Amino acid sequence: ADSGEDAIVSCEVCNYAANVEKAEIVTPKTNVKKEGSSDRKGIQEVSTPGMKTVEEVTGFLQVSPENLVKTLLYETDKEPIAVLVRGDHEVNETKVRNLMGCSELVLAGDEVIRRITHAPRGFAGPIDLRIKTVADNAVQLMSDFVTGGNKEDTHIVGVNLRDFTVDTFADLRAVTEEDSCPRCNGKLNFRRGIEVGHIFKLGTKYSEALGATYLDAQGKERLIVMGCYGIGVGRTVAAAIEQNHDENGIIFPLPLAPFDVLILPVNMHQQEVKEVSKSLYHSLNEKKYDVIIDDRDESPGVKFKDADLLGIPFRLTVSKRTLKENKVELKLRRTGDVIIVDRDKVSEELSLHINDGNLKSHRDAMPKAK
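A quick note: this is a predicted structure, and the numbers were derived from the prediction, not measured.

Student: Help me understand the sheet that holds strand E6 (residues 105–107), please; the structure alone is not making it clear to me.
Tutor: Within a sheet, adjacent strands bond to each other through the backbone by hydrogen bonds, running parallel or antiparallel. Reading across the sheet, the 5 strands line up as E6-E4-E5-E7-E10 and stay open at both edges, with mixed pairing between neighbours. Looking at the sheet topology across the chains shown, the edges are occupied by E6 and strand E10 (168–170). Neighbour to neighbour, the strand axes of the sheet diverge by 35 degrees on average, direction disregarded. With 6 bridges connecting them, strand E4 (residues 69–76) and strand E5 (residues 81–86) associate as antiparallel partners. Following the sheet pairing, threonine 71 is matched in E5 by leucine 84. Docked against the sheet, helix H2 (residues 93–100) engages E4, E5, E6, strand E7 (132–136) and E10, running at close to 130 degrees with respect to E6.

Have a look at this one:
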């Protein structure tokens, strides 16, 4: 669904798929683009007055973002950490959180940044950084790159891995359109999706707090490993509507529709129309259809418009004109087809369309065509 809040990647070749928080990255064996001197002349401080963003710094120094390492400082529920990624990449905080085994991970505030780096935001770098430092795998392939200088209005050029300490290298960045499938190297497609269900592994966080334990085969007490899972009813309906609608409104799939049939009397003030509409309502209810009747004192145009908007799969229109021949009008919301049906054959006609492949319901109670 284009309006979905989640981004999903899937491979064009194999069946690999993941949301962007989980998507794995294939690290190239060699850096795609290197800059700087091959003889590695050593690090050098350069003045970068007011230059804080990747775009500002690389534009000023006339280097590409691929040749800059961003140093992002985070506060966790355990300790502050530094995360290093290439200048053209973004940190995947879910991957960092999983690596560190922490439940809280937030970007450090200005006060914490100044305390750790002795510089304002925008000038942090890994050299002489006295906190735990983790880096994305792509950083391991870089040479002669640019970092922050841990000094206001200062960056450092000609930096190499030998110039600072990294505690752990790991896959810590967000997937991009340039990345290939981690399973078969195929091209990845990016799409939006609505999350209608989820599963979370909670581990022992809550069982430890609650003292929820069990005895293992050796009679030893152990903490229960917990998980939670569920389907969002509201989100399921929203996703169904996103994928089933037209310019007139909703087209509910039959298994999700709040009603199967909408009976629409054109004029409830006409006695015959009123009586036939109520008779159809009761007879269809008895045959286990979910039925609603629009008995409002509104014009036919308003009722027809609202019927399309609500998206009930079947609409039965009862009017004086069709009753002259003892018939009613059946409209299929999905296809827009209109069928004139004998009023005594409505149930049989509905059953035929319900058993059709395009409208088939999963309700066992539905009557079957004879």
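There's more to say after this.
Student: How should I be thinking about the pattern of salt bridges in this particular structure?
Tutor: Evaluated as defined, the whole model comprises 18 salt bridges. For lysine 70, the salt bridge identified is with glutamate 90, shortest N-O distance 3.5 Å. Taken together, the residues span a long stretch of sequence, with lysine 70 in strand E4 and glutamate 90 in the loop between E5 and H2 at a distance of 20 residues. Linking aspartate 216 and arginine 222 is a salt bridge whose minimum nitrogen-to-oxygen distance equals 2.7 Å. Looking at aspartate 216, the relative accessible area reads 15%, which means it is buried.

Student: Is there a simple way to explain H2 in this structure?
Tutor: Given 3.6 residues to a turn, an α-helix orients residues that are three or four positions apart in the same direction. Listed as buried for H2 are Lys95, Val96 and Met100. Seen from one end, H2 has its buried residues packed into an arc of 125 degrees, which puts them on one side. Next to the buried residues of H2 lie E5, E6 and E7. The opening residue of H2 is asparagine 92, an N-cap whose side-chain oxygen sits 3.1 Å from the backbone nitrogen of threonine 94. Downstream of H2 by a residue or two, glycine 101 has a phi angle that is positive, lying close to 65 degrees.

Student: Teacher, can you tell me more about the packing of aromatic side chains here?
Tutor: Think of a pair of aromatic rings as described by two things: how far the centres are apart, and how the planes are tilted against each other in angle. Counted by the stated rule, this structure contains 1 aromatic pair. On the numbers, 6.2 Å between centres and 75 degrees between planes, the contact of phenylalanine 145 with phenylalanine 164 is edge-to-face. Here phenylalanine 145 is found in strand E8 (residues 145–148), whereas its partner phenylalanine 164 is found in the loop between strand E9 (154–159) and E10, with 19 residues between them in sequence. Grouping residues by exposure puts phenylalanine 145 and phenylalanine 164 together as buried.

Calculation notes
Residues numbered from 1 in each chain as written. Predicted model: local features only at pLDDT ≥ 70, side-chain atom pairs only at ≥ 80, totals over all residues. Heavy atoms only, no water. Pairing = 2+ DSSP bridges. Helix = DSSP H or I, 4+ residues; strand = E, 2+ residues; numbered from the N terminus. Axes fitted to C-alpha atoms, helices over the stretch in contact; angles between N-to-C directions. Contact = heavy atoms within 4.5 Å. Salt bridge = Lys/Arg side-chain N within 4 Å of Asp/Glu carboxyl O. Buried < 20%, exposed > 50% of the residue type's maximum accessible area, 1.4 Å probe, protein only. Arc of directions from axis to C-beta. Polar contact = N/O pair within 3.5 Å; in protein donor to acceptor, adjacent residues only side chain to side chain. Phe/Tyr/Trp six-rings, centres within 6.5 Å; stacked < 30°, edge-to-face > 60°.

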